[in-house]
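Descriptive structure summary
Residue-level listing of the chains:
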Amino acid sequence: TAGSGVLTMASNSANATTPPFPVTAGSDVALSIVASFSLPGGLSDNQIFDLSNTKEAALGLPDGVDAVKPPPGSYTYSGMHDHGPMIPPKEGGGVAALVGFANAARKASDKYLTEIIEEEKAAAAAVDSIGAVQGGGKGRQKKGEKRKAELA
């Protein structure tokens, strides 16, 4: 498994029991998303996304962009419902913060996993080049090559 994400809610107040929901500006509830990665070989990483390092997401359409019916299979916010334009969503607050955290966590996850893949590709290329030098020009066999050689 490549990784997992955990949503956490922590209170800044020592005597708070149940956080209020929805979370409003000025409340004593701190929202964050913790992205935890556990990879084979013992490689792991935790990243925390909160208002100290991530900004709230804009939930509606940008200014000057008209609502249009999205193409089939599109799951992005378009501002349009089957029967016409929707009421613009409320901007800001806890939901906008969580969406911003989730977007930042996804981007960080993509970057982190891409770096791991690139490192593995570089290591495999190094093994191939060493094998080509030591094996008289033959590197690591590609999928199916061994079976073709056995049949010949």
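All figures in this text were calculated on a predicted structure; none of them were measured in a lab. (Residues numbered from 1 in each chain as written. Predicted model: local features only at pLDDT ≥ 70, side-chain atom pairs only at ≥ 80, totals over all residues. Heavy atoms only, no water.)

**Some thoughts on the nonpolar core**
Counting residues in each nonpolar core, the largest one holds 12 residues, listed as Leu31, Ile33, Ala35, Phe37, Leu39, Phe49, Ala97, Phe101, Ala105, Ala108, Tyr112 and Ile116. Elements with a contribution of two residues or more to this core: strand E2 (29-39) and helix H1 (93-134). Apart from the residues lying within four places of it in its own chain, the contact partners of Ala108 are Gln47 and Phe49. (Core = buried A, V, L, I, M, F, W, Y, C linked by side-chain atoms within 4.5 Å. Buried < 20%, exposed > 50% of the residue type's maximum accessible area, 1.4 Å probe, protein only. Helix = DSSP H or I, 4+ residues; strand = E, 2+ residues; numbered from the N terminus. Contact = heavy atoms within 4.5 Å.)

**Section: the environment of Lys90**
Relative to the helices and strands, Lys90 resides in the loop between strand E5 (84-85) and H1. On the basis of relative accessible area, Lys90 is assigned to the exposed category, the value being 68%. When the C-alpha positions of Lys90 and Gly60 are compared, they lie 7.9 Å apart, and in sequence the two are 30 residues distant.

**Remarks on the pattern of salt bridges**
Scanning the model with the defined rule gives two salt bridges in all. The partner of Asp110 in a salt bridge is Arg106, with the nearest N and O atoms 3.9 Å apart. Placement of the pair is Asp110 and Arg106 together in helix H1, with a separation of four residues, close to one helical turn. Judged by its relative accessible area of 42%, Asp110 falls in the partly exposed class. Using a relative accessible area of 44% as the deciding quantity, one classes Arg106 as partly exposed. A salt bridge links Glu118 to Lys121, with the nearest nitrogen and oxygen atoms 3.9 Å apart. In this pair, Glu118 and Lys121 are both assigned in helix H1, three residues apart and thus about one turn of the helix distant. By relative accessible area, Glu118 is classed as partly exposed at 43%. (Salt bridge = Lys/Arg side-chain N within 4 Å of Asp/Glu carboxyl O.)

**What about the packing of aromatic side chains?**
Applying the stated criterion to the full structure yields one aromatic pair. With a centroid separation of 5.0 Å and an interplanar angle of 40°, the aromatic rings of Phe37 and Tyr112 are classed as tilted. Taken together, the residues span a long stretch of sequence, with Phe37 in strand E2 and Tyr112 in helix H1 at a distance of 75 residues. With a relative accessible area of 5%, Phe37 lands in the buried category. (Phe/Tyr/Trp six-rings, centres within 6.5 Å; stacked < 30°, edge-to-face > 60°.)

It is worth stressing that arrangement in space is one thing and function is another; only the former is reported here.
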